[in-house]
Amino acid sequence: MEWSLESVREMVAGGMQSIRECEICAFAIAMCVLLLFMWYCYRVGREHGSSPLRGRYLAGPGRIGGVVGGFMSSDCRGRGKGKHGSLLEEQNGFAFCQSSECFRCTSAGESLNQRLYHSLQDYAKRYTWSGMGRVHKGVRDQGRYLNSRPTIQRPEVFFLPDLPSAPFFSREVQRHDVELLEQSFPALLAEFESIYHQPPARSGSSLPPGWKANSTPRGQWWTYYLVNQGTPLVLNVRRCPRAWRVLGQLRTFIANNVFGNACFSVLTPGALITEHYGPTNVRLRCHLGLRVPPSCELVVGGEPQCWSEGSCLLFDDSFLHRAFHEGGAEDGPRVVFMVDLWHPNVAAAERQALDYIFTPGRLEDKEGK
């Protein structure tokens, strides 16, 4: 082949044309990949929003004060009247739901295990089995785990195996959220004062709007829920915009499943909350002390601790626990702001799967199919 200026020019021109054609092809491929990625983000975002609390308090009046997800416990005592009549039974100082639709308050059996496993399979088909080893193990052997646990720790609904367990946890395990809550102490205390000193909701009632009285063997225990078992209570949220804003800034708040709650909790002098277990070990319950008079104590797994105003106390409520206020009337009530945070050793993939499995209403919907 003889080299000349003309042949070099033709080769360069041909090379440039090939590059242009490759650029067009590469651009088309890139646009297809981008469109597929946008479609995937849209599908995932519909079920798992980037901000779990964003806009949820506008979910509609039908969800206000309702019990969604079938959990009826200390979180929603006093609401057991429905189409089946009275669904409450007094046991050990607590009113328990007796509805067949409530899978926390009925004994864990084969029906619940099957529903859990079907929900996990649905999740794996939509997403992946990757990282699901402990969740799969827990769902598969749930009945054995719940029945064979020592009496000091016995979650009522779901036990995730191989999680480090202790009655109390250091504030360092959820440092960001603990510090945020403690920095918000003045705002939360002021918001508590505003809702606590409202006139009674109706004649013959001593409670302001939004407050619920829980059954105790003595004294009074009142709660004001912003999120009850994964469902925001619209009217209460609207009365507490600053507390709602704080919840939205927490990184580990359980906002998308029935194990997540947030409320103001009040114990009057002489009140006792008798020993009981929480529903799961995948969460840590956080109490921010707002008003803490003397002679108040929380006992978890046999270990006593005292609250402190402006400080957070982290504990695993799947351990047997109780609380009491032995002060006098002059001491006033004990008040805490309570939120449920993820256990620090539950991985992100496991959290997403548990959010899917325990989405409010999901297990009941599957049972009805």
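Further up the page is the structure itself.
Residues numbered from 1 in each chain as written. Predicted model: local features only at pLDDT ≥ 70, side-chain atom pairs only at ≥ 80, totals over all residues. Heavy atoms only, no water.

**Considerations on the overall build of the protein chain**
In terms of regular secondary structure, the protein chain is built from 10 helices and 16 strands. For the protein chain, the residues scored as buried account for 50% of the 369 residues in total. A separation of at least 24 residues holds for 74% of the contacts in the protein chain among residues at least 6 apart in sequence. (Helix = DSSP H or I, 4+ residues; strand = E, 2+ residues; numbered from the N terminus. Buried < 20%, exposed > 50% of the residue type's maximum accessible area, 1.4 Å probe, protein only. Contact = heavy atoms within 4.5 Å.)

**Digging into the nonpolar core**
In terms of nonpolar packing, the biggest core is built from 37 residues, with L181, W211, L247, F264 and F337 touching the most fellow members. Elements with a minimum of two residues in this core: helix 5 (175-183), helix 6 (185-196), strand 7 (221-228), helix 8 (241-249), strand 9 (262-267), strand 11 (283-291), strand 14 (312-315) and strand 16 (334-342). Sorting elements by how many residues they give to this core places helix 6 first, with five residues. Residues L163, V258, W342 and Y356 belong to the second largest nonpolar core, which totals 22 residues. (Core = buried A, V, L, I, M, F, W, Y, C linked by side-chain atoms within 4.5 Å.)

**So, the environment of P269**
Following the sequence through the fold, P269 ends up in the loop between strand 9 and strand 10 (272-276). For P269, a relative accessible area of 28% corresponds to the partly exposed category. Sequence separation between P269 and R218 is 51 residues; the distance between their C-alpha atoms is 9.7 Å. Aside from chain neighbours lying at most four places away, what touches P269 is H325, G327, G328, A329, G332 and P333.

**A few points about unusual backbone geometry**
For Q229, which is not glycine, the phi torsion reads 55° and is therefore positive. Here Q229 is to be found in the loop between strand 7 and strand 8 (231-232). Of note, S295 is a non-glycine position whose phi angle comes to about 65°, a positive value. For S295, the position within the fold is in the loop between strand 11 and strand 12 (296-300).

**Things to note about the pairing of strand 9**
Strand 9 sits mainly inside the fold: six of its six residues count as buried. Of the two faces of strand 9, both are covered, the one formed by A262, F264 and V266 as well as the one formed by C263, S265 and L267. Across six bridges, the pairing between strand 7 and strand 9 is antiparallel. Paired with Y225 across the two strands is C263, which belongs to strand 9. Relative to strand 16, strand 9 runs antiparallel, the two being bridged by six bridges. Following the sheet pairing, F264 is matched in strand 16 by F337. (Pairing = 2+ DSSP bridges.)

**Let's talk about the sheet that holds strand 10**
On the basis of which strands lie adjacent, the open sheet formed by four strands has the order 10-15-12-13 and antiparallel pairing. Only two strands of the sheet have a single neighbouring strand rather than two, namely strand 10 and strand 13 (303-305). Each neighbouring strand pair of the sheet contributes to a mean axis angle of 15°, computed without reference to strand direction. Sheet analysis places strand 12 next to strand 13, joined by three bridges and oriented antiparallel. What sits directly across from V299, in strand 13, is P304. (Axes fitted to C-alpha atoms, helices over the stretch in contact; angles between N-to-C directions.)

**A word on helix 8**
Since one α-helical turn is 3.6 residues long, residues separated by three or four positions face the same way. When helix 8 is considered as a whole, its buried residues turn out to be A243, W244, V246 and L247. Seen end-on, helix 8 carries its buried residues on one side only, within an arc spanning 155°. (Arc of directions from axis to C-beta.)

**Details of the pattern of salt bridges**
Per the counting criterion, the structure on display carries 12 salt bridges. A salt bridge links E172 to R175; the nearest nitrogen and oxygen atoms lie 3.7 Å apart. Look at R175 and you get partly exposed, because its relative accessible area is 47%. Linking D317 and R285 is a salt bridge whose minimum nitrogen-to-oxygen distance equals 3.9 Å. (Salt bridge = Lys/Arg side-chain N within 4 Å of Asp/Glu carboxyl O.)

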